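# Structural overview for review
If you want the building blocks of each chain, they are given just below.
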Amino acid sequence: MRKGFGIGAINKKALQQSKFEEKASQISENELSQLSRQVDTFKKNLEEFAFKHRDEIKRDANFRKQFQDMCANIGVDPLSTSKGFWSEMLGVGDFYYELAVQIIEICSSMQEKTGGLIYLDQVLDRIKRTRNRFVNEVSLDDCKRAIKKLNIFGNAFTLISMNNGRFMVQSLPEGMGLDHTQIVQLAELNNGVVDKDSIRSNLNWEMYRIENVLNLMLKEGIIWIDINDNRCSFYFPSFFIK
């Protein structure tokens, strides 16, 4: 038998492979343990930082956003519950839940005028009008985070990214699908107005699809219809709210 091809050589190779795998496992465990210690240390430092700057985190919207970003980098969510450790220490949980309630109240009170769609910055303006200027500052980022907490209502409260970089708050019981969102985005480019021909030419949809979506949006009050010389135009009242 040629050297290196016997049973002994096979056993030796298997032993070497086993030792190699054992060593690799040790290295992985050591690296994981070291990484875990680093994360624990960072979390401890983050807690100390948060406690030291708690008043600034609650008061300053920009500082609060930077703190949230730091937390996200290590998988910590201060908003996961209004009664969690971070919320108890900082009070930010109650801040966001109260803000979410205020957003719901604003959207609901304006539903008849907006059809369930309103720019997020317009919501923020109304929040600032009702809040004492000495109360914690509120930013667009705060509003976005608060709305994300409303996912307990399913799709009833969601954000729509618009063409101009702004966001709209959609507050409809059944939510909106992709087709509805595309028509909203198209309307934004046309001063808040669309018609069947513009939808067909821009989105390349069949007429039955266009009519199904428009009929549903009419039923929900999202759009209004204007008939002039037998030509139908559809207006989004949300784009005319000041």
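Attention here is on the structure that accompanies the text. Residue numbers here run from 1 along each chain, matching the order of that chain's written sequence. Local features in a predicted model are, by the rule used here, given only for residues with pLDDT of at least 70; side-chain atom pairs are given and counted only at 80 or more, and totals for whole chains, interfaces and linings are based on all residues. Values reported for side chains reflect all heavy atoms of the structure, with hydrogen atoms and water molecules removed beforehand.

## Thoughts on the overall build of the chain
Selection rule: Runs of E in the DSSP output that reach at least two residues are strands. Runs of H or I that reach at least four are helices, and both are numbered from the N terminus. Any two residues having at least one pair of non-hydrogen atoms within 4.5 Å are treated as being in contact. Reported accessibility uses the Shrake-Rupley method at a 1.4 Å probe radius. Residues are deemed covered only where the shown protein chains occlude them.
In terms of regular secondary structure, the chain is built from eleven helices and six strands. Once local pairs closer than 6 in sequence are excluded, the contacts in the chain between residues at least 24 apart make up 56%. Approximately 15,200 Å² of the chain is accessible, and the part contributed by carbon and sulfur atoms is 50%.

## Things to note about helix α11 (residues 207-220)
The periodicity of an α-helix, 3.6 residues per turn, causes residues three or four positions apart to be oriented the same way. Put simply, the rule reads: Multiplying one less than the number of residues by 1.5 Å gives the expected span of a helix. The buried label applies to any residue whose accessible area, calculated with a 1.4 Å probe on protein chains only, is under 20% of its type's maximum; exposed applies above 50%, and partly exposed to all values in between. The directions considered for the arc are those from the helix axis to the C-beta atoms.
Spanning 14 residues, α11 covers 20 Å between terminal C-alpha atoms, matching the ideal 20 Å at 1.5 Å per step. Those residues of α11 that sit buried are Ile210, Val213, Leu214 and Met217. Taken down its axis, α11 places every buried residue within 95° of arc, on the same side. Turned more than 90 degrees from where α11 packs its buried face, Tyr208 and Lys219 sit exposed. As for α11, its buried residues are in contact with α9 (178-188), α10 (196-203) and β6 (231-235).

## As for the nonpolar core
To keep it simple, the criterion reads: Among the buried residues, those of types Ala, Val, Leu, Ile, Met, Phe, Trp, Tyr and Cys that are joined through side-chain atoms within 4.5 Å form a nonpolar core.
Ranked by internal contacts, the top residues of the largest apolar core, which has 23 residues, are Ile183, Val184 and Phe236. Sorting the residues of this core by element identifies β1 (117-119), α9 and α11 as the ones contributing at least two each. Setting aside anything within four residues of it in sequence, one finds Val184 in contact with Leu117, Met162, Met168, Met176, Met217, Phe236 and Phe239. Core analysis: the next-biggest nonpolar cluster, separate from the first, contains 22 residues, Tyr96, Leu120, Leu124 and Ile147 among them.

## What to know about the sheet that holds strand β2 (residues 157-161)
Our working definition: Here, any two strands with at least 2 DSSP bridges between them count as paired. With axes taken as lines fitted to C-alpha atoms, and helix axes fitted only over the stretch in contact, angles between N-to-C directions fall between 0 and 180 degrees.
Strand order in the open sheet formed by three strands is β1-β3-β2, with antiparallel pairing between adjacent strands. A strand with exactly one partner marks an edge of an open sheet, and here the two such strands are β1 and β2. For this sheet, the mean angle separating the axes of adjacent strands, direction not counted, is 30°. With three bridges joining them, β1 and strand β3 (residues 167-171) adopt antiparallel strand pairing.

## What about unusual backbone geometry?
Across residues other than glycine, the phi torsion is negative in most instances, and most of the peptide bonds are trans. Although it is not a glycine, Asn191 adopts a positive phi angle of roughly 60°. Inspection of the secondary structure puts Asn191 in the loop between α9 and β4 (193-194). Overall, Asn191 belongs to the exposed group, its relative accessible area being 67%. Its identity as a non-glycine residue notwithstanding, Asn204 has a phi of 60°, on the positive side. With respect to the helices and strands, the residue Asn204 is situated in the loop between α10 and α11.

## A look at the pattern of salt bridges
Heads up, the rule is: Any Lys or Arg side-chain nitrogen located within 4 Å of an Asp or Glu carboxyl oxygen qualifies as a salt bridge.
Scanning the entire structure with this criterion turns up seven salt bridges. Salt-bridge contacts for Asp179 lead to Arg209; the nearest nitrogen and oxygen are separated by 2.7 Å. On the criterion of sequence distance, the pair formed by Asp179 in helix α9 and Arg209 in helix α11 is long-range, its members being 30 residues apart. A relative accessible area of 31% places Arg209 in the partly exposed class.

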